[in-house]
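Here's the letter readout for the chains.
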Amino acid sequence: MAEFGILIAEKLIEVIGSEVIKEVCDMWNYKSQLDELKETVSTIHKVLLDADARRELSNADQDYIDKLKDAVYDADDLFDEFLTLAELKQLRPLNKRGKIYEKVRCFFSSKNQLGQAYRMSRDVKHIKKRLGDIADCHKKFGFNVDYKPIIRRREETCSYVDANKIIGREEDKEAIVKMLLDRNNEEVCFTTIVGVGGLGKTALAQLVYDDERINNEFHKNMKFWVCVSDQEREQFDVKTILIKILEQVTRKKIDDSSTLQLVQHQFQENLRGQKYLLVLDDVWNEDPMKWCNLQEFLTFGQGGSKVMVTTRSMMTAKIIDERHAYELEGLSGDDSWRLFEMSAFDKGIKRENHNEFVEIGKKIVDNCHNNPLALKVVGSLLFGQSISKWHLVKNSELGKIEKGDKKIMSTLKLSYHNLPPSLKSCFSYCAIFPKDYRIEKQMLFDLWMAHGYIKSSSDGNESLENVAEEYFAILLRRCFFQDVIKIEYGEDVESVKIHDLMHDVAQEVGREEIHAMTCIPNILGDKVRHVCYVGDSYLKSALGSNKIRSFICQGNGKPVVDVHTQIENWMFLRVLEVSNLDVVELPNSIGKLQHLRYLDLNHNRNLELLPNAITRLHNLQSLILKDCSNLKELPKDFCKLVKLRHLDLLGCYNLICMPQGMEKLTSLQVLPYFLVDLAGNTTSQDVEFEAVECFEGKIKIIIDEDSRKMEGKNGKKGVYLKSLKHVTTVYIKFEGRCDNPEGLLEALEPPSNVKRLVIFGYKGEKIPKWGRAMDNWAFSLSHLVEIRLQNCQNLEEIPVLSKLPLLKTLYLWRLDKLAYMEENISGKSYNQSAELFFPSLVHLDIVELERLKGWWKKDSTSSPSLNGVDDDNGFCLDRRFRFPCLSSLMIEKCPNLTSFPSCPTTIEELRLKTINKRLQVHVDIEDETAGNSKGDFRLRELEIDNMGNLKSPPLNYLTCLQILKDEEVEDKHSESGEVESQQLQKWASSLQELKIPRMNTLRRLFGETGLQHFTALDCLTLGSDDEDKADTEEEFEACSFSQDVRHFTALEDKADTEDEIEACSFPQDLWHLYFFNLQNITSLPKGMQYLTSLRYLTLWNCKNLKALPEWITCLSSLKLLTIYKCPALKSLPEAMPQLTSLQTLEILGCPKLQERCKEPDGEDCYKIKHIPDTNQAAPCYRCFRMRANAAWQPWCL
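Because the structure is a prediction, the values reported are computed rather than measured.

Turning our attention to the environment of Gly384. Following the sequence through the fold, Gly384 ends up in the loop between helix H16 (372–382) and helix H17 (387–397). Sequence separation between Gly384 and Ala344 is 40 residues; the distance between their C-alpha atoms is 7.5 Å. Sequence-distant contacts of Gly384, defined by excluding residues within four places in its chain, comprise Ala344, Arg351 and Arg477.

This is the structure in structure tokens:
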């Protein structure tokens, strides 16, 4: 289509008419040519508008329009260079005479002024003739140059329907769930959801996938979702699909250059004998042989495994399994109207002539054939429109729509054609992203601006970012985007996806200009302007087209493109992304890319410095350096990037300071992270603060003993941060000793609308009131959603936080002198305070507050409470004070805390570690605000020293349990011990992860039956974080392991005994096993050889472990083995080569073993040469648990 050319022509007209271009051309007698050129481009612009309005063009017409666009692109490149040179020369100071000829002399290179002028003159004449020749032919093709576009943008509204509301699919979901659960035979079963595009097949599959009954049937680690999207038929490649599944199973990137045989081998190892649920979304394949080839591998799973497929093709459904195909129909008439009504009408507001709108709307609904996507798109199109627009859609456009995919596409195109050219270009450009790709909104804005798709308002008072926000809202409102994710603690959209059918529309209208590729092409077409490469193969050769304007490559940590060799092929780039490609340095030739507006280098963690040549990118608008964690500094001439609008330094943890001259970057609008160094590393703190007054994002301030005094600036307190109205996060870090910490913090009053506040290392006794009489942040900082006070060891008082209306997260760590959270509440405000007690708080961490006694100190003047509880510390607690919304609570190392407000039944994560035995955390089962019936708890993760600390423990659904200490019980059959054991048995069907400190704990709590009834257990950790509490050899060996580590009775090393048969009869679901600080064991327990499903084994700080057994080969599914701080372990067993599933071996802190495994001559090298990844620098425990994909947060060892 013509929309891209329309915007380029508009920009070209603007550039040709600019004063700087006029002035230069006038001195060289080009003015008349310039006027003629502007007139020609204006004619072309009108022709392109007329072509866009026609929607459908003949081949000859389209060929003519393509030639026009190509010429306009070339003209844009020429004048963009022209304008850039002019602006750069204008930045140089003129001599005192200031005459025009001096300006011209300064414009051209001093070495070859005439040569430069001649080239410009020649190129302008050439492009003028080329454009004129093509434009003169417009009448031949019947295009109209009197077209006047209608500007609709200002009439649009920004509201949109929540895409998560799925209407009318309850019966369909029940039918699919029944089909899946009723077929519990010994074979892998296939179920297909089939229907035309836009019916909601994917949404229905997601409802089924997340259904609680399905979650109970399939382990969370055995549920996989793969988006196939093989609509081009030839893309249905068995190896590619197997790799996608493998990547979900292993949580690791699979090299797509691997042979099919290797991929098949890995697939069999990972899924053979496992019961799984696999969803293959959007399958189009109609080749029976290809499906049979894939099906052969999918049947490796255990009986009862299910494969659910969504497809638009009935032929595909017949090939897979015609007997179990569910044909999805459109919505019912009532549901169709409900969906359309939600999209087209303002909720609760009736418009004038409402009945007439309803009458027309029902006829439109009939023409949408009950298709949900068509109903949403057309309803969104008509939202807020006049009655005449509704009549137009009903009579002339929508009435022609029929059933079927192609006709649904015409419905979607209808919404596209009703966009102005600027919005058409914005949407069409989205075809550069792969299907099912999550698009970040800010990135989209930057890309749109880089290509000139965002047009500023006519009065010039609205920023490009605000206009982009308006464009985005319109596209979202009209259902071009879906699957919205919002930013944490806010309503702003963070990212979106595009529905597959909408992506098809973008691809079709983008035609040959946008090319997304997964493999290296022989050559790109001359018309290709935008390229996205998502393959793993190394891109050696040039792309074949030197006119591309976008090159986006998002890697997986390894280099697939050499920036140094490709620069010469990128001379016309506006957009360059080379992210996560292990880029170590950029070449100086990067400065040649004078058209570049967007440069994205995120996640190149080995990048330490940027070349100063980057400051020659005069047109650069966006520089993304997110998570370049080793970046130390920015170029010294960074302030030359005067057009920079977005600078992202989030995750650049080694950045020393911001560059000098930031105040010169007057165009800067988005700055997610800003480092202000008050620790003596910079001399321009005042200028830095002034430079960020209009910025959005996060500001970090570092203060140390060398910081200058900041009690006031120009005689005013707190002005450093207070004026930064758009800053959302303030991080203040104190390093070393400060003479006047309270005075320094007084000068750093946060802005009133700040959302996140972190104060680290503060040495003052109080937090300043910042000039207010009341120390209540509900009045001064009412927008706070997150507060972190960390390592403030002298802090004795904190402000009133409990009334903050929006506070969701509160972290209090190492406040050594804090005894009470707040002053006592008394008098008339008592009942009101109970009602407003942390109304929004979701996450609360209280760690290492060693003097903390309670929330309020008892006041002798306060009236007694009927529900009050007093303790020896003088602490008074009223049961009416409860956290109404709390979901996660951690209390750790608070030995004097004996009372605590009640928690709601909505609590999901609870961690009580190293606390007073008298403290009881009360879960309020009478809490009506939670909406739960008595006993209906949501607690899923529990980490606790003593079960006695939890009052009213939950009765069901616990998934993660950590018992951190072994409380010695004199009478192991005491009433308290029996209560604990009974409670644990109630979690047998839900518990998936368990950590226990010692074998005695296991026997005491689980008794003779051990864990044999814990059928969901997936992850078991044996050992304590405390190295001083270690099991003896006898204790450890006495607890043998069943096949799935669910039975811990003694098991002799005898073959075919009853005990052994019993041990082998349990489910084989255990994947993770960790041994920590078991320092007295010398060998692994023999019962481990029955763990045939085990995938991850960690031996951590088992100092007396002398050898691994030869029967380790029985662990046939083992994929990762980590050995850390086991110095007595001197060699690996001879049977190691038989562990064919082992993918990763990590060894650290085992000097003798490491020496034997050292390449190339180590004595044990031959035992591990079959392992793809051997690493003698093992990751920290936190990293290991993350990679192992454990569900709970790791403990720090």
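As for its position among the elements, Asp600 is in strand S13 (residues 598–600). Among buried Asp, Glu, Lys and Arg side chains, Asp600 stands out as unpaired, with Lys626 the closest opposite charge at 9.3 Å. Apart from residues no more than four positions distant in its own chain, Asp600 is found in contact with Leu576, Glu577, Val578, Ser579 and Ile624.

This paragraph deals with the pairing of strand S21 (residues 809–813). Counted residue by residue, S21 has four buried out of five residues, so it is predominantly covered. The pairing of strand S20 (residues 786–790) with S21 spans five bridges and is classified as parallel. By the bridge assignment, Ile787 is partnered in S21 with Leu810. Two strands pair when backbone bridges link them, and S21 and strand S23 (residues 843–847) are joined in this way by five bridges, in the parallel orientation. Paired with Trp813 across the strands is Val847, a residue of S23.

The next subject is the sheet that holds strand S1 (residues 189–194). In any sheet, the strands associate via hydrogen bonds between backbone groups, in a parallel or an antiparallel arrangement. Read from one edge to the other, the open sheet built from five strands follows the order S2-S3-S4-S1-S5, with strand pairing classed as parallel. Strand pairing shows two members of the sheet lacking a second neighbour, strand S2 (223–227) and strand S5 (325–327), which therefore form its edges. When strand polarity is set aside, the average angle formed by the axes of neighbouring strands in this sheet is 15 degrees. For S2 and strand S3 (residues 277–283), the ladder comprises five bridges, and the chain directions are parallel. Of the residues in S3, the one forming a bridge with Val226 is Leu280.

As a further point, take helix H15 (residues 354–367). Taking 1.5 Å per residue, 14 residues should reach 20 Å; H15 reaches 20 Å between its end C-alpha atoms and fits that length. Along H15, the positions that sit buried rather than exposed are His354, Phe357, Val358, Ile360, Gly361, Ile364 and Val365.

A few words on the environment of Phe218. Assignment of secondary structure puts Phe218 in the loop between helix H9 (212–217) and S2. A relative accessible area of 2% means that Phe218 is categorised as buried. When the C-alpha atoms of Phe218 and Lys306 are compared, they prove to be 9.5 Å apart, with 88 residues separating the residues in sequence. For Phe218, the contacting residues outside a window of four places in its chain are Lys223, Lys275, Tyr276, Leu277, Gly304, Ser305 and Lys306.

Looking now at the sheet that holds strand S8 (residues 493–497). Taken in spatial order, the three strands of this open sheet run S6-S8-S7, and their pairing is antiparallel. Edge strands, defined here as strands with exactly one partner in the open sheet, are strand S6 (439–440) and strand S7 (482–486). In this structure, S6 lies alongside S8, joined through two bridges in antiparallel fashion. Of the residues in S8, the one forming a bridge with Ile439 is Val496.

Considering all chains together, one arrives at 40 salt bridges under this definition. The partner of Lys173 in a salt bridge is Asp211, and the shortest N-O contact between them spans 3.3 Å. Remark: Asp211 occurs in the loop between helix H8 (201–209) and H9 and Lys173 occurs in helix H7 (residues 170–181); sequence separation between them is 38 residues. Among the residues examined, Asp211 registers a relative accessible area of 8% and is labelled buried. We note a salt bridge from Lys913 to Glu892, for which the minimum N-O separation is 3.4 Å. Here the residue Lys913 occupies a position in strand S28 (residues 909–915), and Glu892 occupies one in strand S27 (residues 888–894), the gap between them amounting to 21 residues. There is no split in this pair, since Lys913 and Glu892 are both buried. Several salt bridges share partner residues, and in doing so they unite Asp76, Asp77, Asp80, Arg549, Arg574 and Arg597 into one network.

What counts, and where the lines are drawn
Residues numbered from 1 in each chain as written. Predicted model: local features only at pLDDT ≥ 70, side-chain atom pairs only at ≥ 80, totals over all residues. Heavy atoms only, no water. Helix = DSSP H or I, 4+ residues; strand = E, 2+ residues; numbered from the N terminus. Contact = heavy atoms within 4.5 Å. Buried < 20%, exposed > 50% of the residue type's maximum accessible area, 1.4 Å probe, protein only. Lys, Arg positive; Asp, Glu negative; His and termini not counted. Salt bridge = Lys/Arg side-chain N within 4 Å of Asp/Glu carboxyl O. Pairing = 2+ DSSP bridges. Axes fitted to C-alpha atoms, helices over the stretch in contact; angles between N-to-C directions. Expected span 1.5 Å × (residues − 1).

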